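Read off the chains here:
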Amino acid sequence: MNWLLPDYLADALPLEAAQIERLRRLTLDLYARHGFELVMPPLVEYLDSLLTGSGQDLMLSTCKLVDQLSGRTLGVRADMTPQVARIDAHLLNREGVVRLCYCDSILHALPADQAASREPIQLGAEIYGHRGVEADIEVIRLMAATLSTVGAPADRIDLSHVGVFRALTQAAGLTPESEARLFKLLQQKDATNLAAACADIAEPWRSAFLRLPGLYGDATTLARARRELPALPALAAALESLQRLTDAMPELPLSFDLADLRGYHYHTGVVFAAFRHGFAGAVARGGRYDGGGTAFGRDRPATGFSLDLRELARLAPQPAPRAAIAAPFAEQAGSPLAGTIAKLRAAGEIVVEHLPGAAEDSRCDRRLVRNAVAGAAGETDAQWIIEVINRG
């Protein structure tokens, strides 16, 4: 069915499209109740704007084209977060805390994995203007509430902090090349090659890097990290931030993975990811990225999360299809039939008008028929009644 489309792109057929739209409305209404304002950045921007500042890591993911009006290179957004940071810093230009949310399609030059779409629908929420851990607590709770609201609650929420790895690399005096190599090996949890890469690093930094992959699990992970890692002020501050998150959210299934450094070059503090059993990757991800608006003229602290609404639609329970009412075609706008149909639709019913010569819609389990008794009495407001369709 997808033979006319490029690889890793697909149409959303009626059931999937209805599920995506249902969840979009549920989640954006949830965010509105929490004080988040909806923004809609353009699908395409000048490339240098899309890749400014924190967006530089998106270069390989961004599809490019030439603007026929200006001759400049355009980019199709691969992530809406830099666009929303631009809106906060450059367009809204408000003082204090700003809460923004968004939901729209993005495009990836290559799929994230074999099962991923190149056109995710990115749903997210961001808080700007607050450096405290309280803002991180709010967005993590909102991420968890998002999943619970759609019927796919997180089974596990992993927390980490880029400050742990960053403090160790700075104390060890690593070159950018050595730092990049260790980062890659930690992400891959490649213990053998990690040990080889750390061979020339002085103690206690060498042992600290080797311990990072084993520092994962429940809340006791933080106590183990304090015992096993060097007593660096920046590292201690990172662990204290994670402890505050743990103490504040006992209601959530929190766990820790101090070697999880996704977004290391983008994030500046706590990072987090939500997981569900039976789903290979993270359902939602987020973290702190202070300074994301600096390139747009304002140094704003920021924290937030995002997810792919297409993936979430597949994870969330699919509601039973709503049945409809079949009705004769109302040719005259002011007729009693047209009035009855309008009242039913206003009450939330699906009413499908039967076009002459066409088959009746298979979704219909009831039919609007003329009330012969009422019609004979001249009661125009009761000329039509609903009867159940017996398909047995």
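Above: the structure in question.
## What to know about helix 4 (residues 133-149)
Over its 17 residues, helix 4 extends 24 Å from the first C-alpha to the last, a length consistent with the 24 Å expected when each residue adds 1.5 Å. For helix 4, the full list of buried residues reads Val133, Ala135, Asp136, Ile137, Val139, Ile140, Leu142, Met143, Ala144, Thr146 and Leu147. Directly beyond the C-terminal end of helix 4, a positive phi value near 85° is found at Gly151.

## Quick word on the sheet that holds strand 15 (residues 364-370)
Pairing is mixed in the open sheet, where 4 strands are placed in the order 14-13-15-16. For this open sheet the edge positions go to strand 14 (351-354) and strand 16 (384-388), each flanked by a neighbour on one side alone. Direction aside, the axes of adjacent strands within the sheet are offset by 35° on average. By the bridge criterion, 5 bridges tie strand 15 to strand 16 in an arrangement that is antiparallel. The residue bridging Arg366 from the neighbouring strand is Val388, located in strand 16. Here helix 12 (residues 336-346) sits on the sheet and contacts strand 13 (324-328), strand 14, strand 15 and strand 16; the angle it forms with strand 14, its principal contact strand, is near 150°.

## Re the pairing of strand 15
Here 3 bridges tie strand 13 to strand 15, and the two strands are oriented parallel to one another. Looking at strand 15, one finds that Ala326 is bridged to Arg367.

## Structural notes on the sheet that holds strand 8 (residues 216-217)
Taken in spatial order, the 9 strands make up an open sheet running 1-5-6-12-11-10-7-9-8, and their pairing is mixed. Since the sheet does not close on itself, it has two edges, and those belong to strand 1 (37-38) and strand 8, each with one partner. Looking at chain direction, strand 1 and strand 5 (residues 98-105) are connected through 2 bridges and run parallel. Paired with Glu37 across the bridge in strand 5 is Leu100.

Reading the values: the criteria
Residues numbered from 1 in each chain as written. Predicted model: local features only at pLDDT ≥ 70, side-chain atom pairs only at ≥ 80, totals over all residues. Heavy atoms only, no water. Helix = DSSP H or I, 4+ residues; strand = E, 2+ residues; numbered from the N terminus. Expected span 1.5 Å × (residues − 1). Buried < 20%, exposed > 50% of the residue type's maximum accessible area, 1.4 Å probe, protein only. Pairing = 2+ DSSP bridges. Axes fitted to C-alpha atoms, helices over the stretch in contact; angles between N-to-C directions. Contact = heavy atoms within 4.5 Å.

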